[in-house]
Amino acid sequence: NNEWKDIFANYICEGKIGGLFQGKMEFGPRALGNRSIIGDARNKNTKERINKIIKGRPNFQPFCPSILEEDRQILFERSFSNKHMTSAFKMKKEFAKKLPSAVHIDDTARPQFVTENDNKNFYHVLKKIKEKTGFGVVVNTSFNRHGRTMVLSPSDAIKDFLDSKMDFIAFENIFIFRNNKDNN
């Protein structure tokens with residue numbers, strides 16, 4: 001069932017920032033689409049909004065993008081397949097301007113390149129975003145407030161959601177939305 005993935009992608013394309021809690025928890029230092037806070041890389045305000053309002057951390061801290069593997073050579077000057085956000089690559093200037101929240105001040109990014117075999121659900125979200133925007137790229141950061149551990153359970157995710165100004169959370173096909181009056 002792709003319906004929940006399409007809904008999630010549509011909200012991201014509308015500029016909303018959402019928590020994604022699905023599948024097994026990742027192992028390692030990076031969020032890879034199972035315990036992630038996701039935002040629109042095209043919006044220059046996404047980084048600031050996630051840092052200040054959602055994560056509660058200093059504004060200078062950068063984020064890593066998740067990008068479809070099939071777009072890697074199109075977007076970057078030189079790169080290799082990297083699945084864990086461990087290497088930085090220079091994005092081509094024309095795309096860095098179109099994806100300002102995906103790059104650092106020097107137009108580099110530390111991306112996660114995603115294939116369908118890596119994470120079928122997250123891959124579908126990225127494909128849907130590409131279908132709507134032309135880019136299979138999102139800002140992806142760990143699902144946690146600054147100073148807290150990565151969310152381990154649905155109750156952890158709900159607590160971080162309530163303590164932040166995130167727009168919504170998706171537990172696969174179950175969505176929780178913030179009441180509009182809470183965004184003031």
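Here the structure is shown first, and the text comes after it.
Along every chain, residues carry numbers that run from 1 in the direction the sequence is written. Only residues with pLDDT of at least 70 are given local features in this predicted model, and only at 80 or more are side-chain atom pairs given and counted; all residues enter the totals for whole chains, interfaces and linings. Heavy atoms from the whole structure form the basis of all side-chain values; hydrogens and water molecules are not counted.

## Notes on the sheet that holds strand β2 (residues 35-40)
Strand order across the open sheet formed by seven strands is β6-β3-β7-β2-β1-β8-β9, with mixed pairing between neighbours. Every other strand in the sheet has two partners, leaving β6 (112-114) and β9 (174-177) as the edge strands with one partner each. The sheet shows a mean angle of 30 degrees between the axes of neighbouring strands, direction not considered. Both strand β1 (residues 18-21) and strand β8 (residues 168-171) contribute to a ladder of three bridges, which runs parallel. Counted as the bridge partner of Leu20 is Ala170 from β8. Two residues qualify as a contact provided that any one of their heavy atoms is within 4.5 Å of a heavy atom in the partner residue. Where helices are involved, their axes are fitted lines through C-alpha atoms of the stretch in contact, as for all axes, and angles between N-to-C directions lie from 0 to 180°. To qualify as a helix, a DSSP run of H or I must reach at least 4 residues; to qualify as a strand, a run of E must reach at least 2; elements of each kind are numbered from the N terminus. Its contacts with the sheet place helix α5 (residues 120-133) against β1, β2, β3 (64-68), β6 and β7 (137-142), and it is angled at close to 85 degrees to β3. Criterion used throughout: strands pair if DSSP finds at least two bridges between them.

## Concerning the pairing of β1
Here β1 shows no split at all, with Gly18 and Leu20 on one side and Gly19 and Phe21 on the other all buried. Here β1 runs beside β2; their pairing, made up of four bridges, is antiparallel. Note on β2: the bridge partner recorded for Phe21 is Arg35. Working definition: with a 1.4 Å probe on protein chains only, accessible area under 20% of the residue-type maximum means buried, over 50% means exposed, and in between means partly exposed.

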